[in-house]
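The residues making up each chain are set out below.
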Number of protein chains: 2
Amino acid sequence: MLNTSRFLSDLHHLRSYGAQGKGVIRPAYSAPDIAARDWLAGRMAEAGLAVRFDAMGNLFGLAAGPSLLLGSHSDTQPTGGWLDGALGVIAAIEVARASREVGGPAISVVSFQDEEGRFGGTTGSAVWSGLLPLAEADVVMDTDGVVLAEARRALGNRVGSDVDPAQFTGFIELHIEQGPALDTAGEQIGVVTDIVGYRELMVTLSGQQNHAGTTPMALRRDAFQGLSAFNVRLNDRLRNVVTPQSVWTIGHVAVTPNASSIVPGLVRFSMQWRDCDGDRLARIQAVIEATLAEVASEMGLGLDIGPLLGLEPVAMDPVLRARLQSAAEVVAPGRWRQMPSGALHDATNVARLMPVAMLFVPSIGGISHAFEEDTAEADLVAGLRVLGRAAGVQP
Amino acid sequence: MLNTSRFLSDLHHLRSYGAQGKGVIRPAYSAPDIAARDWLAGRMAEAGLAVRFDAMGNLFGLAAGPSLLLGSHSDTQPTGGWLDGALGVIAAIEVARASREVGGPAISVVSFQDEEGRFGGTTGSAVWSGLLPLAEADVVMDTDGVVLAEARRALGNRVGSDVDPAQFTGFIELHIEQGPALDTAGEQIGVVTDIVGYRELMVTLSGQQNHAGTTPMALRRDAFQGLSAFNVRLNDRLRNVVTPQSVWTIGHVAVTPNASSIVPGLVRFSMQWRDCDGDRLARIQAVIEATLAEVASEMGLGLDIGPLLGLEPVAMDPVLRARLQSAAEVVAPGRWRQMPSGALHDATNVARLMPVAMLFVPSIGGISHAFEEDTAEADLVAGLRVLGRAAGVQP
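Conventions and cut-offs
- Residues numbered from 1 in each chain as written.
- Chains lettered and ligands numbered in written order.
- Predicted model: local features only at pLDDT ≥ 70, side-chain atom pairs only at ≥ 80, totals over all residues.
- Heavy atoms only, no water.
- Least-squares fit on C-alpha atoms with pLDDT ≥ 70 in both.
- Contact = heavy atoms within 4.5 Å.
- Helix = DSSP H or I, 4+ residues; strand = E, 2+ residues; numbered from the N terminus.
- Expected span 1.5 Å × (residues − 1).
- Buried < 20%, exposed > 50% of the residue type's maximum accessible area, 1.4 Å probe, protein only.
- Arc of directions from axis to C-beta.
- Salt bridge = Lys/Arg side-chain N within 4 Å of Asp/Glu carboxyl O.
- pLDDT = per-residue confidence, 0-100.
- Buried area = accessible area lost by both parts, 1.4 Å probe.
- Pairing = 2+ DSSP bridges.
- Polar contact = N/O pair within 3.5 Å; in protein donor to acceptor, adjacent residues only side chain to side chain.

**Some points on the relation of the copies chain B and chain A**
With an RMSD of 0.1 Å, the operation that places chain B on chain A is a rotation of 180° combined with a shift of 0.1 Å along the axis. These values place the two chain copies in the arrangement generated by a two-fold rotation axis. If distances are taken from each C-alpha of chain B to the rotation axis, the shortest is found for B:Ser228, at 2.5 Å. Taken as a fraction of all interface residues of chain B, those also at the interface in chain A reach 100%, which identifies the copy contact as same-surface.

**Description of helix 9 (residues 278-299) of chain B**
Residues and elements named next belong to chain B. Given a rise of 1.5 Å per residue, 22 residues ought to cover 32 Å, and the 32 Å separating the end C-alpha atoms of helix 9 matches this to within 8%. By the burial criterion, the buried members of helix 9 are Arg-280, Leu-281, Ile-284, Gln-285, Val-287, Ile-288, Thr-291, Leu-292, Val-295 and Ala-296. All buried residues of helix 9 project into a common sector of 165° when viewed along the axis, lining one side. Set apart from the buried face of helix 9 by more than 90 degrees, the exposed residues are Asp-279, Ser-297 and Glu-298. Packed against the buried residues of helix 9 are strand 9 (197-206), helix 8 (223-238), strand 14 (266-275) and strand 15 (302-305). The positive-phi residue at the C-terminal boundary of helix 9 is Gly-300, with phi of around 65°.

**Here we look at the side chain of B:Gln285**
Counting through the fold element by element, B:Gln285 comes out in helix 9. Ignoring anything within four residues of it in the chain, the contact list for B:Gln285 reads B:Trp273 and B:Leu308.

**Digging into the pattern of salt bridges**
All names here are of chain A. For the coordinates displayed, the defined rule picks out 36 salt bridges over all chains. Notably, a salt bridge pairs Arg-37 with Asp-33, separated by 2.9 Å at the nearest N-O pair. Of this pair, Arg-37 and Asp-33 both sit in helix 2 (residues 31-46), four residues apart, roughly one helical turn. Across the pair, Asp-33 and Arg-37 agree in class, each one buried.

**A word on the confidence of the model for chain A**
Summary statistics for chain A give a mean pLDDT of 96 and a share of 100% for residues scoring 70 or more. Interface confidence in the predicted complex, given as ipTM, is 0.83; pTM for the same model is 0.83.

**Focus on the interface of chain B and chain A**
On the chain A side, the residues contacting the 44 residues of chain B number 44 residues. Between chain B and chain A, the buried area comes to about 3,600 Å², and carbon and sulfur atoms account for 52% of it. When the buried surface of chain B facing chain A is broken down by residue, B:Met217, B:Phe224 and B:Ser260 rank first, second and third, together holding 15% of it. Seen at the junction of chain B and chain A, the total is zero salt bridges.

**Describing the side chain of B:Thr193**
Assignment of secondary structure puts B:Thr193 in strand 8 (residues 189-195). Discounting chain neighbours no more than four positions away, the residues touching B:Thr193 are B:Val314, B:Ala315, B:Met316, B:Arg321, B:Gln338, B:Met339 and B:Pro340.

**Some words on the environment of B:Ala185**
Tracing the backbone shows B:Ala185 in helix 7 (residues 181-185). When the C-alpha positions of B:Ala185 and B:Val361 are compared, they lie 12 Å apart, and in sequence the two are 176 residues distant.

**Thoughts on unusual backbone geometry**
Omega for the bond connecting A:Thr256 with A:Pro257 falls within 30 degrees of zero, at 0°, which places this linkage in the cis form. Assignment of secondary structure puts A:Pro257 in the loop between strand 12 (253-256) and strand 13 (262-263). The phi torsion at B:Tyr29 lies on the positive side, around 70°, for a residue other than glycine. Along the chain, the position of B:Tyr29 falls in the loop between strand 2 (23-24) and helix 2 (31-46). Note on B:Tyr29: relative accessible area 5%, which makes it buried. Here B:His369, not a glycine, exhibits a phi torsion of approximately 55°, which is positive. Relative to the helices and strands, B:His369 is located in the loop between strand 19 (356-361) and helix 12 (377-390).

**Re the environment of A:Ala96**
Residue and element names in this part refer to chain A. Mapped onto the secondary structure, Ala-96 falls in helix 3 (residues 86-101). Considering only alpha carbons, one finds Ala-96 and Trp-128, 32 residues apart in sequence, at a separation of 21 Å. Non-local contacts of Ala-96, meaning those with residues more than four positions away in its chain, are made with Leu-49, Ile-107 and Val-109.

**So, helix 1 (residues 4-15) of chain A**
In this model helix 1 of chain A runs 17 Å from its N-terminal to its C-terminal C-alpha over twelve residues, within 8% of the 16 Å that 1.5 Å per residue would give. In the core, the buried residues of helix 1 of chain A are packed alongside strand 1 (19-20), strand 2 (23-24), helix 2, helix 3 and helix 12 (377-390) of chain A.

**Thoughts on the pairing of strand 9 of chain B**
Residue and element names in this part refer to chain B. Most of strand 9 sits out of view: eight of its ten residues are buried. Sheet topology places strand 9 next to strand 16 (residues 309-311); three bridges connect them, and they run antiparallel. Among the inter-strand pairings, Tyr-198 is bridged to a residue of strand 16, identified as Leu-311. In this structure, strand 9 lies alongside strand 15, joined through four bridges in antiparallel fashion. When the sheet's bridge partners are listed, Ser-206 is paired in strand 15 with Gly-302.

**Some words on the environment of B:Arg152**
Residue and element names in this part refer to chain B. Position of Arg-152 among the secondary structure elements: in the loop between helix 6 (148-151) and strand 7 (168-176). Residue class for Arg-152 comes out buried when judged on its relative accessible area of 18%. In the structure, Arg-152 is positioned 131 residues away from Arg-283 in sequence and 41 Å away in space, judged by C-alpha atoms. Sequence-distant contacts of Arg-152, defined by excluding residues within four places in its chain, comprise Tyr-29, Ala-55, Met-56, Leu-134 and Asp-138. Of the polar contacts made by the side chain of Arg-152, one reaches the backbone oxygen of Ala-55; its length is 2.9 Å.

Structural data, given as structure tokens:
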């Protein structure tokens, strides 16, 4: 039987590593992260699992023989919340432990390393899945100038052999939603249909830097005006391309020289968009590029579009997803929904290796990656129960 | 008689103080600035003028009795052009010298200090005109953390008594246009009608910082979108308020947190506008504030508008201006125009004390405050001749 008080007690214990106020500071390879992984390894061992750190510091608790893999990540943002990936790891341990106690199916557990991107983003699962060669990841530098190869030394002699993904029949990740949908609707569970893909471009519009007093409006080539005109026109043009799940964001803007008395000569900005549908991502890109070219030409601005970054959308496995839906209907009848994941998760990478599925519990106020991040206890327990049922362990 | 080769030779000699490539680095109170002022003082003395530095380092060459004051400033931007204020100072010396040689009217000369704003902007003339108390200016710090009181020590024992403005019958400043109008039209002289006033506000729009993947468009309160919507609406609304001489600029933009994957929670930006007409400046302000309030309300954004900064427009004296117009028609028939000054000048402050007028010569390509700043030699000479005629010295 799932033991909810043991689950909650473990969750709060994990919070103590790197705790600060209501939040947690436990970035990948920091002392609190390594200490937390050592404690998690102990809990996995007590649950009868074989503990294994791989070279990245991904921590596995392995059941014997073929098994379903559950988990998430236990590293946090530089100023993170207490649940984020931690919830999925602790829930996985409780389900594996309970399953073993009742003679249920074989369940393995994982806490991936550096999901939060000290060295890029979903780094541990990207390396494990084969997407990113370790040698390539090793030269990535964090904001303090430390490369991954150096940070990994914090693992010391913990590192064992690689973990063969062929032993796993699938992967299920429980995570907080990190958005407002479930909380706003008063629902307890989101069964993920797809993890959205994203595309990102860095765009530079170049005009003519000039004196803001002596340059008549008609003779200006103002790069900021170009950005603003593009933005408004894009919002209008995208209306008949997007769905309510599509999002697009100009989050970074750098104006040069950025002085109140100087007509901006240059503006560099990020253009990011996300959608579940790869074709729609491409259609949005076409609208963006056409609108940029049109505005630049009309306003006499230079246009430079950087390389396209992004990840493809990933559809969840229909079998695992159906098991989550049935379980959600038992645990939270009428209080669950199907929904896409707007955020990236380790499951995106693991999908290269095996069937994957995900479920969400609500984020109060939609807040995450902040000290205030929280979820009602009843919803945490509902998430555990749905995960347990989907994994074949009766609640 | 005005001696154009002596004028050009002096102009090139002044350029040698702080010369770097085609440009000049001679900010207020720097060693090259003080050395240049010492050389200018010598040239003034040779022209029979009584030399006087005031406490700010404004350098006067004083004729006996009531006189017309001519001049500008000899300090430069941190990376400045060779003409800017230097032209007006050297032309003033040539006119004063030539007038004395031919027994013409009494002409005094000034090179104001720190027009370029190491300690604020038009600092020397602001103090001399009584707009800015010296004690208040003295605590202003430059970008290196040096206060004016400390910088002024570079004047050493040069400082004499204050210069009484009552001895001057008026002030005429020759300056490069620092804009493209004359160069574009192939004209030689601009007779200034007004120095435009300006207004400036720092505006903060605050929304909700959020995850750019998980926050649906309909639930966003994106501060950058607020800025963009305001900007486009303002441009539209101002059309029936402004004239072709009005300008408005968003030159500074700071987005928070300024990351491609985060919906901007805050944007702080400068809103500056300039016009010759004080009433129109106020009407533009009303449109700006109404549009900001409307956009903030519609988009659920917080709005904070900082204190209003600015200077009133200054109309040129009709008598001095008429003398410049007559002189321009003799020196450059059909190749001059009346025009406002979009930039601020020392004349703005001097207008508190006496009648003032200004004339412009073309800036090639409209470029100023840059090493490339230049003016055709024929136009420099035309400027000198118009100034000389307007001052009552026959060319």
